[in-house]
Structure formats: C-alpha cells, structure tokens
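Coordinate inspection notes
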Amino acid sequence: IQKITNNLNQHKLEIIKVLTANNWRHFRDYFVIKDKFIKNDFDKQFKNIFCGFYILNGARGLNIPQKNKFFKLLLLRENDLEKILKVLYEIPGYGNSRRLFLSFGTKLLHTINDKLPIYDGNIAYVFELSSQTYPASLEERIKNRMEIYQELKNNFAVLLANEQIRNYLKSTRKELQSKAKIDKFNWHDKFISDTKLLDSLLWAL
C-alpha cells in the first residue's frame, strides 16, 4: 500500500495529464458508455466507443461474432465471470484460435457493476498479480483466471479501505473537477465510482 501511495503521490501531475489528454478522451468516452448503458441504449455509437475505449478491436481483441456475443452478454447483464469466459472461448477468434478473455470479461462485469475492478496489463503490473497460466486442461486455465480476479478484487478492497488512498481519491476528484471547469469539460462525478477512479489512476500510473 505504501509503495503504491508513494508512487501515486510522486506522479500525480503526470497521471492527471495522461487521463485528461486529447480533450479528456479517457473520461469523455467512459461517461458516454456509462450514460448509454444506464439508458439501455446499445446503439452503434455505444458499441464503437466501447470497443475503442476497452480495446476490443485489433488482432488481440474480438472478431465480429465474438463482439456480437459480448454485447449480447452485456445486454443480458451476465455477471458470472466463469460463464463469460466459457461462452467467449467457444467462439473461434482471429487465426481460428480460442482464448480466455479475462480482461474483456472484467470490463463487461465493471460496466454492469462499477464497484468491480478491471483487469488489464497495467493493473496487473502495478499489483504484481499472479501470471495467467496455460495448463492443458481448460478447467485449470479458467480456475487460474478466477483466482487472479479474486486477487485483484482483494487488492482493490484493501486499497479502498485505506485512509491514505481514500484521501488521495478525494483530493484527485477535486483537482479533476477544477481542471474540468477550466477546460470547460462536462464532468459527471456520479458516473465515476471510487473503484473506477482508482482503476484509472493505477492504469495511468
């Protein structure tokens, strides 16, 4: 906790610069996703922004059949990570390969419940999370992904219960709100849970 707190404090200006770059694109896109999801508006704009923001496009991402299934799971508010991993694994992706999409699965869960953290490479690096392993058994691989996600949730729970981190989140919120006023950016504070704010800060770190 101390190491993360020190790093967050040391690099605060740079972190805010990263998150407000390109005319606040990080928060701008997140706010659109949040607003449209609440309204159940899964139109083309929602899907395009979601795919861009959460990097679902590209060779390491999802192909069209996988994306269609992903958004169907999101529409159904599917909140079982194991089921999400299995369903997406069943659809062959790029190069006809099958993969367990831990990162995309947690992004789907976070969209449904913004108190759940998101797994990605940056977060895994900061927390020094266990590595994704590739045993022969699919069940063992899924078990590994579920354990990593539990590790991530435990880390977030510990940080969010820490007074130093809570104070840091409060002060950062105020700085972002002040900067948004100066930049004439429409800041939606209610759309950013403490989990998501911490996630963004750690990702930028």
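Residues numbered from 1 in each chain as written. Predicted model: local features only at pLDDT ≥ 70, side-chain atom pairs only at ≥ 80, totals over all residues. Heavy atoms only, no water.

1. Comments concerning the nonpolar core
- In terms of nonpolar packing, the biggest core is built from 61 residues, with F27, F50, F70, F127, W187 and L202 touching the most fellow members.
- Apart from residues lying up to four places away in sequence, F127 is in contact with I4, L152, N155, F156, L159 and L202. (Core = buried A, V, L, I, M, F, W, Y, C linked by side-chain atoms within 4.5 Å. Buried < 20%, exposed > 50% of the residue type's maximum accessible area, 1.4 Å probe, protein only. Contact = heavy atoms within 4.5 Å.)

2. A word on the packing of aromatic side chains
- All chains considered together, the criterion is met by 20 aromatic pairs.
- Note on F37 and F42: the rings are 5.8 Å apart at their centroids and 35° apart in plane angle, and the pair reads as tilted. For the residue pair F37 and F42, the accessibility class agrees, reading buried in each case.
- Through pairs of rings, three or more aromatic residues link up here, namely Y30, F37, F42, F46, F50, F53, Y54, F70 and F71.
- A cation over a ring is seen here: K12 above Y168, with NZ or CZ 4.9 Å from the ring centre. (Phe/Tyr/Trp six-rings, centres within 6.5 Å; stacked < 30°, edge-to-face > 60°. Lys NZ or Arg CZ within 6 Å of the ring centre and 35° of its normal.)

3. A short note on the pattern of salt bridges
- Counted by the stated rule, this structure contains 15 salt bridges.
- Ionic pairing is found between K36 and D41, a salt bridge with its closest N-O pair at 2.9 Å.
- Salt-bridge contacts for K36 lead to D43; the nearest nitrogen and oxygen are separated by 2.9 Å.
- Using a relative accessible area of 28% as the deciding quantity, one classes D43 as partly exposed.
- Three or more residues joined by partner-sharing salt bridges are found here, namely K36, D41 and D43. (Salt bridge = Lys/Arg side-chain N within 4 Å of Asp/Glu carboxyl O.)

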